[in-house]
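One letter stands for each residue in the lines below.
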Amino acid sequence: MNGSPYEYKKEYDVIVVGGGHAGCEAALAAARMGRSTLLLTINADAIALMSCNPAIGGLAKGHLVREIDALGGEMGRNIDATGIQFRQLNTSKGPAVRSSRAQADKQLYRLRMKKALEATYGLDVKQAIVDAVVVEGDAAVGVDTNLDVRYRGKTVVLCPGTFMKGLVHIGLVSYPAGRAGDFPSMRLSDSLRRLGFSVGRLKTGTTPRLDAKTIDFSKTVRQEGDDRPVPFSFDTSAIRRPQLPCFLTYTNAATHDAIRSGLSRSPLYSGIIKGIGPRYCPSIEDKVVRFSGKERHQVFLEPEGLKTAEYYPNGVSTSLPYDIQLKMLRSIPGLESVEIVRPGYAIEYDFVDPVQLHPSLETKLVKNLFHAGQINGTSGYEEAGAQGIVAGINAALRVSGDPPMILSRADAYTGVLIDDLTTKGAAEPYRMFTSRAEYRLLLREDNADLRLSETGRRVGLLPEERYRRFLAKREGIGVFRKRLEETRVGAGHPLCAAVEQAGDALLRPGITYAEALRRPGVTGAMLLACDPELRGATREAVEQAELSIKYEGYIRRQEDEAKNMKKYEEMRFPSPFPFETVPGLSAEVRDKLVRVRPDSIGQAQRIPGVTPAAVALLLVMLRRGA
Amino acid sequence: MIAGVANVGKSRLLNRLAGEERAIVTETPGTTRDYLHADIPVGGVPVTLIDTAGLRETADPVEREGVRRSREIVGTADLVLFVLDGSRPAAVADRSAYEEIASLPHLLLWNKSDLAPAEKGGEFAGAGKRGALRLSAKTGEGIGDLVAAIAREVSPAEGAIRAQAPLTRARQRLAVERALSALSRAKVAAAEGLPLEFPAADVREAAGALAELLGEVAPEEVLDAIFGSFCIGK
């Protein structure tokens, strides 16, 4: 910065840096909670742009979208309005691992989100490159831009995605960019380093985009969406947009030979890329090298929108040289004469070690500064959005002097996500999986609103009318459940015949519907089929009552476990707590505690390598009032 | 539990079975003064082998204490491996040591088969005898048969394991009980065709209970016990 910057006359409550999936949720949450909010983006045409896959949801990610929605966020409603193919995944499996996924019209998605921002009172959107966080004392008070403009804000939320020192790689060619086609943010991470943050480097990548008129779809397998699309948002009644198919094809030996012939010019394999990439979303060259025994890999051809010819070949993310990308693609059935619109690329970017955050997503080093999204080492729009809404809510709560909203591992996948990040850090880009949640029978997509609407309302984000609809729904579930518990199955009841027909052991007459429902072979649909009087209940009421009765034992056990865990979450360390000088700790354990500086005994327990003996010592210190 | 008089090769047998030099082996009788143990998997069942000081009367106070402890733990063993020196005729000491274990489940092992031509007399026929084997701990001859015999004895289906597991604290027993009941729930859930995440939750709970037993997580009882048993701070 040269001399003194021009200081913008308005002081905001919340300044959000970055207009991606985290930044949009953060800015909307803060503004909807009544805080004057500024969203700064490098490119106002790229707000909520889907830089990679034109899709929302997927396994465990669908859960995050539902949670964002239940709190009063936008992602669910946005995909419902702009989705072009909806699918329920894992429908043959149990209720806890079912997930929703939808293809989006990429341009409509971004435009609708931009409009949602623009339509929000008290929210300004401005195009600018942020160079530094301005700190006075121990707190953030604003940001400086590359045009020497200083915006003052009571809180700052950083959601820079892959833009901090972003470096795009295609073969041996590399150039600075926040994403292919956008400016990078070259100074912001230096400003964070100067403030004392530990900054690292990660890598991610995307696929080439293909021209539909050069694809022979007859050589691929057509994949339709669900006949009856299920919306993401608890607020959406139905999906009305026409749905498009996707197409499945496969790589083969020739594809793999082409890839191998280009490895010497791969930035990944020639050692040019230093950042660590995600293991669970490997590039095609990674897959071919690491799983050399595999003869073929799936490639889904996904439309990028209704009004574009571009297709996204899901499964062939790559940073191989351009000629190799072309050769590899043209070896795939259906793509023999394909033209590349945009090449695939890898991108390296700076991230900030998330153990430096409180579970509110406020940084421990700088007060009133929050981080959300890829800056915390995550990958995925849904992971970003979930952090964005938490950071936005907590920035807003800070402005009004209220305590932060902390979601625990038993409350939400969002809680699991943030706890994992702030406790374990991110050694590679972090993606959500259902297996990361120990209470996953409680954390289902179908009950996200039951879990989080109260919280959304309490913090002032979920609007009154949505909350009222939620209360009515919850009451409906209760009424229906009570009915199932009170209605008895008489002798000769049609349900008995249905059970007999299914070949199950006979029902004992006189048991209640609820008791019958606990039997493995009996479903809510059977009850409805046998008793017309039950049919007045809503689909959600039947679903929730069925799940809560059928799996009652499991649900109760996990609730008990969660209650048990909560005790340790509530044993909080005073700040600052002298982890450096706790007597009797091994140097290794001490280093880990000093790095993470856990907020509670519960968090300390979850730091890998912190032994039960060490936790006992910490408890002793806590009780002594150290 | 490996028993027998001094210098019949009990420690060498432990080493042979454990596949490592766990016990010091010498030609001097009475080398093992305290008991040693080794954990080995036999047919999928974790077995703790305990090598004991030879059962004999001795003037050495340290060895005498070892012998006393041997006698004490012999009674707790699921299976006694009673070792005899097959290269020499059975002695009075062998017979009197044998009497101490004769009623317990045991295998009779004629060791040092590399030095001896044939099995000796039939006077070792206690009520608990489950079989007899010729083997050489030194060369490894017959060890495969021994492992198979142990596996037969300890496999859960045979029911040879005592109902009372050596869990000394209520906390340990509770953890194992929790793990067991979670596992049986998992079995039922899988049999009933419940979605896999339900049995998975049971297995996770069982693993958690066992992790507590192994000290991998700090259960609240351990922490509570610290404050219950020790006066800490103000």
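So, here's what we can say about the structure. (Residues numbered from 1 in each chain as written. Chains lettered and ligands numbered in written order. Predicted model: local features only at pLDDT ≥ 70, side-chain atom pairs only at ≥ 80, totals over all residues.)

1. Structural notes on the overall build of chain B
To be explicit about the condition: Each helix is a run of H or I in the DSSP string that is no shorter than four residues. Each strand is a run of E no shorter than two, and both are numbered from the N terminus. Here a residue counts as buried when 20 or more other C-beta atoms fall within 10 Å of its C-beta, as exposed when 12 or fewer do, and as partly exposed in between; the C-beta atoms come from the backbone. Remark: residues whose backbone-derived C-beta atoms lie within 7 Å of one another are considered to be in contact.
Looking only at helices and strands, chain B features 7 helices and 6 strands. The N-to-C order of helical and strand elements in chain B reads β-α-β-β-α-β-α-β-β-α-α-α-α. For chain B, buried positions account for 33% of its 234 residues. Pairs at least 24 apart in sequence give 62% of the contacts found in chain B among residues at least 6 apart.

2. Quick look at the overall build of chain A
Stated precisely, the cut-off is as follows: Atoms considered for the radius of gyration are the C-alpha atoms alone. The globule rule reads 2.2 Å times the number of residues to the power 0.38.
Helix and strand counts for chain A come out as 20 helices and 20 strands. A compact globule built from 626 residues should have a C-alpha radius of gyration of about 25 Å, and chain A, at 26 Å, falls within 12% of that. Its C-alpha atoms give chain A principal-axis dimensions of roughly 85 × 70 × 50 Å. Split into buried and exposed, the 626 residues of chain A put 53% on the buried side. Sequence separation of at least 24 residues holds for 73% of the intrachain contacts in chain A that already meet a minimum separation of 6.

3. Here's the deal with the nonpolar core
Filter applied, for reference: Only buried Ala, Val, Leu, Ile, Met, Phe, Trp, Tyr and Cys residues enter a nonpolar core, and they are joined through C-beta atoms within 7 Å.
Formed by 129 residues in total, the largest nonpolar core has its most connected members in Ile15, Val17, Ala26, Ala27, Val157 and Ile393 of chain A. Excluding residues that lie within four positions of it along the chain, alanine 27 of chain A makes contacts with Val16, Thr37, Leu39, Leu117, Leu123 and Gly392 of chain A.

4. Regarding the pairing of strand β16 (residues 298-303) of chain A
All names here are of chain A. Convention followed: Note on pairing: DSSP must find at least two bridges between two strands before they are called paired.
Where burial is concerned, most of β16 is hidden: 5 out of the 6 residues are buried. Relative to β16, strand β15 (residues 246-250) runs antiparallel, the two being bridged by 4 bridges. Note on β16: the bridge partner recorded for leucine 248 is phenylalanine 300. The pairing of β16 with strand β17 (residues 310-314) spans 4 bridges and is antiparallel.

5. Side note on helix α11 (residues 448-458) of chain A
Owing to its 3.6 residues per turn, the α-helix brings residues three or four apart onto one side. Residue and element names in this part refer to chain A. Within the sequence span of α11, burial applies to Ala448, Asp449, Arg451, Leu452, Ser453, Thr455 and Gly456. Where the residues of α11 are buried, they touch α2 (61-71) and α12 (464-486). Residue glycine 460 follows α11 closely and has a positive phi angle near 90°.

6. A closer look at the packing of helix α1 (residues 21-32) of chain A against helix α4 (residues 106-118) of chain A
Describing two packed helices takes the angle between their axes plus the distance from one axis to the other. All names here are of chain A. Convention followed: The axes used here are C-alpha line fits, helices contributing only the stretch in contact, and every angle between their N-to-C directions lies in the interval 0 to 180 degrees. Roughly parallel refers to an angle under 35 degrees, roughly antiparallel to one over 145, roughly perpendicular to one between 65 and 115, and oblique to any angle outside these ranges. Crossing chirality is assigned from the near helix's rotation relative to the far helix, an anticlockwise turn below a right angle marking it left-handed and a clockwise turn marking it right-handed. Here the term charged refers only to Asp, Glu, Lys and Arg, the term nonpolar to Ala, Val, Leu, Ile, Met, Phe, Trp, Tyr, Cys and Pro, and the term polar to all other amino acids, Gly among them.
Relative to each other, α1 and α4 sit at 25°, their axes nearing to 10 Å. On the basis of the axis angle, α1 is roughly parallel to α4. Considering how the two elements wind past one another, α1 and α4 form a crossing that is left-handed. Every residue of α4 that contacts α1 at Cys24, Ala27 and Leu28 is listed here: Met113, Ala116 and Leu117. Its residues placed into classes, the contact of α1 with α4 shows 6 nonpolar, no polar and no charged.

7. Some remarks on the sheet that holds strand β11 (residues 173-176) of chain A
The pairing of strands in a sheet happens through backbone hydrogen bonds and is either parallel or antiparallel. Residues and elements named next belong to chain A. Strand order across the open sheet formed by 4 strands is β11-β10-β19-β12, with antiparallel pairing between neighbours. What marks the edges here is a single partner per strand, and that holds for β11 and β12 (199-206). Averaged over all neighbouring strand pairs, the angle between strand axes comes to 25°, with direction disregarded. Pairing analysis gives 3 bridges linking strand β10 (residues 167-170) to strand β19 (residues 345-352), with the strands arranged antiparallel. Residue pairing for β19: leucine 167 is matched across the bridge by glutamate 348.

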